[in-house]
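Here is what each chain is made of, one letter per residue.
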Amino acid sequence: MYQAIHRLTLTSIALVAFAAVPLAAATQVEAGPPTVEWGLVIHGGAGNGVTRENISPERDAEYRAKLQEALRAGHRVLADGGSAVDAVVAAITIMEDSPMFNAGKGAVFTSSGTNELDASIMSGADLNAGAVAGVKRVKNPIVLARAVMEHSRHVMFAREGAETFAEEQGLELVPESYFYTERRMRALERAKEREAERSSALPRETEKFGTVGAVALDRAGNLAAGTSTGGITNKRWGRVGDSPVIGAGTYASNESCGVSATGQGEFFIRNVVAHDICARVQHAGASVKEAADAVVMDRLVRQEAGGGVVVLGANGEIAMAFNTAGMLRGWIGPDGAPTAKLYGDE
């Protein structure tokens, strides 16, 4: 009986976080991205707080500039003949180094006042993958995830073990204070106040976005996808979301597509969202847009789970689907002209 009540309570709490805007009303599908010969798609998180009312014109401009910077970084790699994996790491590193996103420098705080970072990367050419969870001192978790993929026989390392591996690989470690930002600390304080009032321990929708991700298609025809996050504000008990879980938050296969996801991680894990989209493309012959819509705009909406994905097909088709008010997103093709968008009505 207790377990049944506990499950119901957790489900109710999870739904509160996305109650600010009904998912059916917030549902949006990206209509503009073209098909590219080679290129890159990225996201900076999805949420019902991504609206013109919640984001000032100055902040809007900052987000677009940083998304464009990340796109250009990935494009330079691809234009020079670099790999899709190189491009994904280059783009995500830019966003991890910015306090504007919930990844790396801008990661949200756990209930205990620490920052625990997750990331993953996958190569579509050989299905090799690497992931890390709960790291506290690694400046760029996406770089560590790549090291796990390329320099170990494992797929995922967690916490102290992951940081020991980072030291062995000579990766840059920083003091935990590096990740401190006033903005994220205030978000934690507000979350704790609401928790004390017997309200939701999860962040408000205006605070819950910022996970970053990228998918690239290189000039050799290889795909790669990666995702990096700080998780959710006020998380506890070593909680890990979908971002480091291959098949949930990240997936890439040259036989179908590459996907990076953002949203309510528990639902993305249960629905193996990233792999499901790729499987629909590979086995059902769906376009990447059809596959993304079926999962994000139908299945997740029916479960009242908010979030979105960026998808890049092996044929260069781009899709960006999200069932929240907005998703920070962008793409770039061979022409080198970056496009960045934030809101659902763009």
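Residues numbered from 1 in each chain as written. Predicted model: local features only at pLDDT ≥ 70, side-chain atom pairs only at ≥ 80, totals over all residues. Heavy atoms only, no water.

(A) Structural context of the pairing of strand E6 (residues 212-217). Most of E6 is tucked away, with six of its six residues classed as buried. Residues Val212, Ala214 and Ala216 point to one face of E6 and Gly213, Val215 and Leu217 to the other, with burial holding for every one of them. Pairing of strand E2 (residues 39-47) with E6, which is carried by five bridges, proceeds in the antiparallel orientation. Counterpart to leucine 40 in the pairing with E6 is alanine 216. By the bridge criterion, six bridges tie E6 to strand E7 (residues 223-229) in an arrangement that is antiparallel. Residue alanine 214 lies in a different strand from E7, and its bridge partner there is glycine 226. Linking E6 back to E7 in an antiparallel pair, the connection comprises five residues, with glycine 221 at a positive phi of about 90°. (Buried < 20%, exposed > 50% of the residue type's maximum accessible area, 1.4 Å probe, protein only. Helix = DSSP H or I, 4+ residues; strand = E, 2+ residues; numbered from the N terminus. Pairing = 2+ DSSP bridges.)

(B) Spatial organisation of the packing of aromatic side chains. Scanning the entire structure with this criterion turns up four aromatic pairs. The ring of tyrosine 178 is capped by lysine 105, whose NZ or CZ atom sits 4.6 Å from the centre of that ring. Directly above the ring of phenylalanine 267 sits arginine 270, whose terminal nitrogen or CZ lies 4.9 Å from the centroid. (Phe/Tyr/Trp six-rings, centres within 6.5 Å; stacked < 30°, edge-to-face > 60°. Lys NZ or Arg CZ within 6 Å of the ring centre and 35° of its normal.)

(C) Representation of the pattern of salt bridges in the model. Applying the stated criterion across every chain yields a total of 17 salt bridges. Arginine 236 is paired through a salt bridge with glutamate 195; the nearest N and O atoms lie 2.4 Å apart. With arginine 236 in the loop between E7 and strand E8 (250-252) and glutamate 195 in helix H7 (residues 182-196), the pair connects residues that are 41 residues apart, well separated along the chain. A salt bridge links aspartate 276 to arginine 299; the shortest N-O distance between them is 3.0 Å. With aspartate 276 in helix H9 (residues 273-284) and arginine 299 in helix H10 (residues 288-302), the pair connects residues that are 23 residues apart, well separated along the chain. Look at aspartate 276 and you get buried, because its relative accessible area is 13%. For arginine 299, a relative accessible area of 27% puts it in the partly exposed group. Several salt bridges share partner residues, and in doing so they unite Asp60, Arg64 and Glu346 into one network. (Salt bridge = Lys/Arg side-chain N within 4 Å of Asp/Glu carboxyl O.)

(D) How the structure looks around the nonpolar core. With 50 residues, the main nonpolar core has Leu40, Ile42, Leu67, Phe101, Ile121, Leu144 and Leu342 as its most contacted residues. The element that contributes the greatest number of residues to this core is helix H4 (residues 84-96), accounting for eight residues. Met122, Tyr251, Ala252 and Ile318 belong to the second-largest nonpolar core, a separate cluster that totals 41 residues. (Core = buried A, V, L, I, M, F, W, Y, C linked by side-chain atoms within 4.5 Å.)

(E) Focus on the sheet that holds strand E13 (residues 339-343). Pairing within the open sheet is mixed, and its eight strands lie in the order E5-E4-E3-E7-E6-E2-E12-E13. Across the chains shown, the open sheet's two edge strands, defined by having one partner strand only, are strand E5 (156-158) and E13. The average undirected angle you get between the axes of adjacent strands in this sheet is 10°. Bridge analysis of strand E3 (residues 117-123) against E7 gives six bridges, and the strand direction is antiparallel. Bridged to serine 120 within E7 is threonine 227. Contacts from helix H3 (residues 57-79) reach E2, E6, strand E12 (326-332) and E13 within the one sheet, and its direction differs from that of E13 by about 145°. Contacts from helix H6 (residues 159-168) reach strand E4 (129-135) and E5, with the element oriented near 110° to E5. (Axes fitted to C-alpha atoms, helices over the stretch in contact; angles between N-to-C directions. Contact = heavy atoms within 4.5 Å.)

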